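# Structural characterization, general
Chain residues, written in single-letter form:
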Amino acid sequence: TPTAKVTTGSGSTPPVNTGVPTIGGSAQVGQTLTAANGTWTGTAPISYTYQWNRCSPGCAAIPGATTGTYTVVSADLGATLTVSVKGTNSVGNATATSAQTATVTSASASPPVNTALPAVTGTAQVGQQLSVGNGTWTGTAPISYSYQWKRCGSGYASTVSADNPLSYWRLGEASGTTAADQQNRNAGTYLNGITLGAAGALTGDTDTAASFDGSNDAVSFANPALTGPFSIELWGFLTGPGSTGATGYATLLGYDYTHRILWDTSGTGGKLLTQFDGSFFSTVNLSKNAWHHIVYSWDGTTERFYIDGAAAGSHATTKPAWNAPFTLGSYDGSDYLFKGRLDEPALYNGALTPTQITNHYAARTGSSSCTPISGATTNTYTPVAADTGNTLTATVTATNSAGTANATSTPTAKVTP
Ligand SMILES: [Ca+2]
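Every value quoted in this text rests on a predicted model; they were computed, and no experiment measured them.

## Details of the coordination of the calcium ion
Six octahedral donors around a metal ideally sit at 90 or 180 degrees from one another, while four tetrahedral donors ideally sit at 109.5 degrees. Looking at the calcium ion, the protein donor atoms are Arg 170 (O), Asp 207 (OD), Thr 208 (O), Asp 343 (OD) and Glu 344 (OE), and they sit 2.2 to 2.4 Å from it. Within one chain, the residues donating to the calcium ion are spaced in sequence as R-x36-D-T-x134-D-E. Of this pair, Arg 170 sits in the loop between strand 15 (167-168) and strand 16 (178-179) while Glu 344 sits in strand 30 (residues 339-348), and the two are 174 residues apart along the sequence. As far as burial versus exposure is concerned, Arg 170 and Glu 344 are alike and both buried.

## Side note on the pattern of salt bridges
Two side chains carrying opposite charge are able to pair once their charged atoms lie near each other. Enumeration according to the criterion identifies seven salt bridges in this entry. One salt bridge connects Asp 207 with Arg 170, and the closest N-O pair in it is separated by 4.0 Å. On the criterion of sequence distance, the pair formed by Asp 207 in the loop between strand 18 (195-198) and strand 19 (209-213) and Arg 170 in the loop between strand 15 and strand 16 is long-range, its members being 37 residues apart. You can call Asp 207 buried: its relative accessible area is 19%. Taking the relative accessible area as the measure of exposure, Arg 170 reaches 12% and is therefore buried. Among the salt bridges present, the one from Lys 319 reaches Asp 277, with a minimum N-O distance of 3.8 Å. With Lys 319 in the loop between strand 28 (310-316) and strand 29 (326-328) and Asp 277 in the loop between strand 24 (272-274) and strand 25 (280-281), the pair connects residues that are 42 residues apart, well separated along the chain. Judged by relative accessible area, Lys 319 falls into the exposed class, the value being 53%.

Reading the values: the criteria
- Along each chain, residues carry numbers from 1 onward, in the same order as the chain's sequence is written.
- Thresholds applied to this predicted model are a pLDDT of at least 70 for local features of residues and 80 or more for the giving and counting of side-chain atom pairs; totals over whole chains, interfaces and linings are not thresholded and use all residues.
- The side-chain figures draw on all heavy atoms in the structure; neither hydrogens nor water molecules are used.
- In this analysis a donor is any N, O or S atom within 2.8 Å of a metal ion (3.2 Å for sodium, potassium and calcium), and since water is not included, sites may seem incomplete.
- Secondary structure elements follow DSSP: runs of H or I of four or more residues count as helices, runs of E of two or more count as strands, with numbering from the N terminus.
- Relative accessibility decides the category of a residue: with a 1.4 Å probe and only protein chains considered, values under 20% of the type maximum give buried, values over 50% give exposed, and everything between is partly exposed.
- Salt bridges are counted wherever a side-chain nitrogen of Lys or Arg sits within 4 Å of a carboxyl oxygen of Asp or Glu.

This is the structure in structure tokens:
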């Protein structure tokens, strides 16, 4: 007679799922989900294999999705997902399937961020059409753009911006550690508890300045990578010698012994000094406890100082350079720290002309405020008589599913009749 049915070996049992598999992670396109096996009984060892399924509403295996993780793709949008885990041992196998995930949502969108300012092209003249480009933006597509042209007074900030500085820091922040660059190129960092919100240099503008304690206060900037002629412009209000290390000079800005601009606080009674190539002193003394407009320029053959809009000395040289990370109010922190206020520093790729410098100084009393022009809301604008003598800017507003951001062009030249 036949034997009894053959049974498995003593104590050997096939896999049995006792706690269903689960899915970790977020059901969102681009996110990776991870399967947890759940709990199983049965003779060890049990090995596990996986099959991910898409349910909309019926569930079907996703071809090739057979590992313990799954990266959600756009084809899953609006569906749910499950994972089936198959446990196998020497005796047999069994499959258990997770609950469905939440409905798959789209990838998280990132808001628009401007990476290059909009630029206005055309001639700033009554009757001549101007156009503005969108600039460059990052963020989740699609991004839509809207426009607003503005009429601006010809105050200091407008006048400086219209001369296309490489970078221009207004130092008008009320708090935080970031010194914004109006040109969006090279934001600075306020260091060591520098005092913000101090009274600024410009009588026509309420924008504030930074106040330096002469001990360790400074603002650091990345390398502007100026490899040829350049200009440095800023306003300084010196209250006394710095208190760290040697006194006698106050550093307006610099990065080492030969790349710095100093303000004499004792010996010569207030001259400016640079040492790119020997000692080059200004021919004019600056008074303490007053704002002064200071420009250093090098055109490739001659370095020059300008103080309060007027020429203040020149020196033939081919050595100047401004091509390293630098600090304002300090050159290396060891001595000659600036005590007082600094405002509106700007760097230019090239030498400012005497006329530009005179115009900048003269603009200190004017207002730079900008007013939207009614109805000027496309990417073109044709100046009218009322614009004469003013500058124009265009603000581009970028919008996507995650948010909205603005960027404003640098001002045009003053509109001519
Ligand atoms: Ca300022």
